[in-house]
Amino acid sequence: MIKRSVGFAACMFAGGGLGFWVASEKGLALGVVLAAFVWLAFDSLYVARLLNWLRLEQGNETPAMIASPLPDMPGVWGEVGNRIRRLLKNRDQQLKESHARLEEFLAAMQASPSGVVLLDAQGRIEWCNQIAAQHFGFDAQRDVLQHIANLVREPSFRAYMAEADFSHDVLIAGSSSTPKRPVRLSVHAHSYGKDRKLLLSRDITAVELAEAMRRDFVANVSHEIRTPLTVLSGFIETLQTLPLKEQERTRYLALMAQQSLRMQTLVNDLLTLSRLEGSPFPGANDWMTTSALLVQCEQEARALSAVLAPQGHQITFDVGPPCEIAGVQTELYSALSNLVTNAIRYTPDKGLVRVSWKVLEDGRGEFKVRDSGPGIAPEHLPRLTERFYRIDRSRSRETGGTGLGLAIVKHVVQRHGAELLVESQPGQGSCFSITFPAFRVRRITPA
Ligand code: ADP
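Keep in mind that what you see is a predicted model, and the values were worked out from it rather than measured.

**Focus on the sheet that holds strand S13 (residues 441–443)**
- Strand order in the open sheet made by the three strands is S6-S8-S13, with antiparallel pairing throughout. In the strand order of this sheet, the two ends are held by strand S6 (287–289) and S13, each with one partner. Ignoring which end each strand starts from, the neighbouring axes of this sheet average 30° apart.
- Looking at chain direction, S6 and strand S8 (residues 323–326) are connected through three bridges and run antiparallel. In the sheet register, threonine 289 faces S8, and the bridge partner there is glutamate 324.
- Along the sheet, helix H9 (residues 290–308) contacts S6 and S8; its crossing angle with S6, the most-contacted strand, is approximately 55°.

**Digging into the packing of helix H7 (residues 205–241) against helix H8 (residues 246–278)**
- The N-to-C vectors of H7 and H8 enclose an angle of 160°; their axes lie 10 Å apart at closest approach. Judged by the angle between their axes, H7 and H8 are roughly antiparallel. As H7 packs across H8, the resulting crossing turns out to be left-handed.

**Focus: the sheet that holds strand S11 (residues 419–424)**
- Spatial strand order, S7-S9-S10-S12-S11: five strands in an open sheet with mixed pairing. With one partner strand each, in any of the chains shown, strand S7 (314–318) and S11 form the two edges of the open sheet. For this sheet, the mean inter-axis angle between neighbouring strands, taken without regard to orientation, is 10°.
- Against the sheet, H9 engages S7, strand S9 (352–359) and strand S10 (365–371), with an angle of about 175° to S7.
- Packed onto the sheet, helix H10 (residues 329–346) meets S7, S9, S10 and strand S12 (430–436) and runs at close to 20° relative to S10.

**Regarding the site of the ligand**
- Among the 20 residues in the neighbourhood of the ligand, the closest are listed as Asn342, Tyr346, Ser396, Gly403 and Leu406.
- Contacts to the ligand include aspartate 392, whose backbone N or O atom sits 3.4 Å from an oxygen atom.
- Between the ligand and threonine 402 there is a distance of 2.9 Å, counted from an oxygen atom to a backbone nitrogen or oxygen.
- Considering the ligand on its own, with 530 Å² of exposed area, one finds that the protein chains cover 98% of that surface.
- Looking at the shell around the ligand, the elements with two or more residues in it are H10, helix H12 (405–415) and S12.
- If one sorts the elements of the shell around the ligand by residue count, H10 sits on top with four residues.
- Along the lines of polarity and charge, the residues of the shell around the ligand split into nine nonpolar, seven polar and four charged.

Scoring rules and cut-offs
- Residues numbered from 1 in each chain as written.
- Predicted model: local features only at pLDDT ≥ 70, side-chain atom pairs only at ≥ 80, totals over all residues.
- Heavy atoms only, no water.
- Pairing = 2+ DSSP bridges.
- Helix = DSSP H or I, 4+ residues; strand = E, 2+ residues; numbered from the N terminus.
- Axes fitted to C-alpha atoms, helices over the stretch in contact; angles between N-to-C directions.
- Contact = heavy atoms within 4.5 Å.
- Parallel < 35°, antiparallel > 145°, perpendicular 65-115°, else oblique.
- Left-handed = near helix turned anticlockwise from the far one by under 90°.
- Near = heavy atom within 4 Å.
- Polar contact = N/O pair within 3.5 Å; in protein donor to acceptor, adjacent residues only side chain to side chain.
- Areas by Shrake-Rupley, 256 points an atom, 1.4 Å probe, with all protein chains shown as cover.
- Nonpolar A, V, L, I, M, F, W, Y, C, P; charged D, E, K, R; others polar.

This is how it looks when you write it as structure tokens:
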């Protein structure tokens, strides 16, 4: 400012001096006035340049004058221009940084496994992530500023938002929910800022399904155990209270032994299942011969057939080429024997049961059990491997079935990377096959 005052005074002094030199005293005043005009004219020119330069900013997010050179302005206007430019540069940098932070924050919310919706004080959508868009059926761009109550019309959700008691969540149907494939969402609202709300949504379909399966499983196990227990305690009471003949006693004891065996088989199958679920996946280094497995199965099949079918079954075992298979021996035996014993148990007297092992052209190994039993209707096929799923309850129980055999087979098959295939038609018998991947099968030369 001192420089500017000194400059102004020097200009006046020069103008006055020049006027005095040209026209003595009269010229002095005129010279000073003229010098003041010249000063003002230059000053206005610099102000106009500065303003024009400043106007370059308008309408642009990043001020254009930051990039364009500062107009030629000496003295104080040049300094003003420089300072403005520096301030703008700083502001621009800060804006860029906060924009980047916002983007990162939104990216983090986008990556959240839960649906996230931000609502303003009026309940309008300000932002939502893709998961929330899927859950509620929003369009993340188009539905911004739409009122949430217009888009989520489920009465329980509206009541939840109206009550504004956000200490708990609300359960609603997801937008993609259909009667055949229901989708359940848990939605929890949280208040923040000035009347704003954060909605978090979670797809709990799988959790609810698992919970329902757990409940069913416990109910089924209790039922399966209670039935033989009731029979057993009934016989015990009879034996304790009634004077029975030796023949009756023997018969009752045999029935009791049968029931306790049934419970034992059930508990063994349950333990097998829980072991299968809890143990690490089988490696591919433990090899056993397929013939050993099949021989063991054959002995079991023939013994069971002798008990169940007075006239026997026509049983054939084709052990195929000498081979080894890699996996857990107890599991593989359990899977194969379940299929073979099922074939015996469900095939009537004199029926046909054919068991075979072969190596396919692509190196995979196929274990197949074919029977001439009653066959299975198509609607049952997808559910056969569910725990306790039975088509013929009485036949299953009569022959010592637990309803867990095929569930065990499914687990073993999955753990060994194999494939279970069931082909069956009512009245035309059934064919169950397990195909093992090539890396678990190798041919051997017989010793
Ligand atoms: P279960 O102990 O009742 O045999 P599984 O899990 O082994 O239980 O089998 C489930 C159901 O599948 C059986 O109850 C039976 O109705 C049906 N099933 C299994 N194998 C055969 C078969 N070879 N022929 C006809 N039905 C079968």
